[in-house]
Amino acid sequence: MDIDSQPDASSPIDWPETPPRREDGHEEEDTLERSNKVEEEDEQKWRRRGAEWKPWEDRALAKEIMAAGVLVAGKGKSIEKWEEVARALKKIGSIRTGKSSKSRFNKLLTELRAQNLRSLQKTGTNEEVTTFLYDMENLNSLAEIQSKDPQLRAQARERQKKLDEEGKLMRKEAMEGMSKTEVKSKKRKTMDDSIEEFERETLIYQQKIQKMEEEEATRHNELLNQNKETTQAIQHLCQLWEDERKEMREILCTLLERALEK
């Protein structure tokens, strides 16, 4: 059996027998407990088969991260998004947790930046591997765009621009290299579909990035306005203090003059 083969999703699962209905109002708790137990048993079986991530799992992970919008999730929603990725992977036979999915993605980013990512794809068609590398480049750019380092963000934007140009070039070459045979025609169609999908996803992420930058600019302006109001309030208090000091001096001088007159 090929160690990289995807598990058969049609294989029957031995579900635990449903216990008799309880009369103490805890049916939902029992159902949740049984569901968690089944998930734990599934993951334990998967781990006994080998915890190493397979190339097809890495490809699926990248696609599900893009589909779930993990890297553009709002504050406090990261864990929820990673669990969504884990549930999507489970549907295609990859039993992983949100935590392990996040850990694997970070490792893939490290390998990508070290230019070792292609070596991990020991199986899969050229189109699948190429699409996976483009997906990871796109995710890496998105991760760096959200960085607080201005230089890193600028580099990421340049990389994103280069990816866009490479995608257009790939589309042009695919069109020019179109064959009259049925086999090559199918390959060309597959390549066009992959490129169109990549361009659509890139456009979506660019729109999200633009929205994030606009929100960041709005927050920056709000902080500037708050600082301006605070400065004005401090200046007003200082003026009040100065006026009070001046009034006190006048009162003291008046009292002194009256005392001297007596």
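Residues numbered from 1 in each chain as written. Predicted model: local features only at pLDDT ≥ 70, side-chain atom pairs only at ≥ 80, totals over all residues. Heavy atoms only, no water.

For the environment of M191, give the residues involved together with the corresponding values.
Its place among the elements puts M191 in helix α8 (residues 182–261). Overall, the relative accessible area of 24% leaves M191 in the partly exposed class. Through-space distance from the C-alpha of M191 to that of T131 is 9.3 Å; in sequence the pair is 60 residues apart. (Helix = DSSP H or I, 4+ residues; strand = E, 2+ residues; numbered from the N terminus. Buried < 20%, exposed > 50% of the residue type's maximum accessible area, 1.4 Å probe, protein only.)

How would you explain the pattern of salt bridges if you had to name every residue and give the values?
Going through the model one piece at a time under the given rule, you end up with seven salt bridges. Where E242 meets R245, a salt bridge forms, and the shortest distance between an N and an O atom there is 4.0 Å. Separated by three residues within a single helix, E242 and R245 lie in helix α8, roughly one turn from each other. By relative accessible area, R245 is classed as partly exposed at 40%. (Salt bridge = Lys/Arg side-chain N within 4 Å of Asp/Glu carboxyl O.)

Which residues make up the packing of aromatic side chains, and what values do they have?
Counted by the stated rule, this structure contains two aromatic pairs. Where W82 meets F105, the ring centres are 6.0 Å apart and the plane angle is 45°; that geometry is what we call tilted. With a gap of 23 residues between them, W82 in helix α3 (residues 78–91) and F105 in helix α4 (residues 98–113) connect regions that are remote in the sequence. Each member of the pair, W82 together with F105, is buried. A centroid spacing of 5.4 Å and a plane angle of 55° characterise the contact between Y134 and F198, whose relative ring orientation is tilted. Taken together, the positions of Y134 in helix α6 (residues 126–145) and F198 in helix α8 put the pair 64 residues apart, joining distant regions of the chain. Grouping residues by exposure puts Y134 and F198 together as buried. Positioned above the aromatic ring of W53 is the side chain of R96, whose terminal nitrogen or guanidinium carbon lies 4.4 Å from the ring centre. Taking the ring centre of Y205 as reference, the NZ or CZ of K208 above it sits at 5.7 Å. (Phe/Tyr/Trp six-rings, centres within 6.5 Å; stacked < 30°, edge-to-face > 60°. Lys NZ or Arg CZ within 6 Å of the ring centre and 35° of its normal.)

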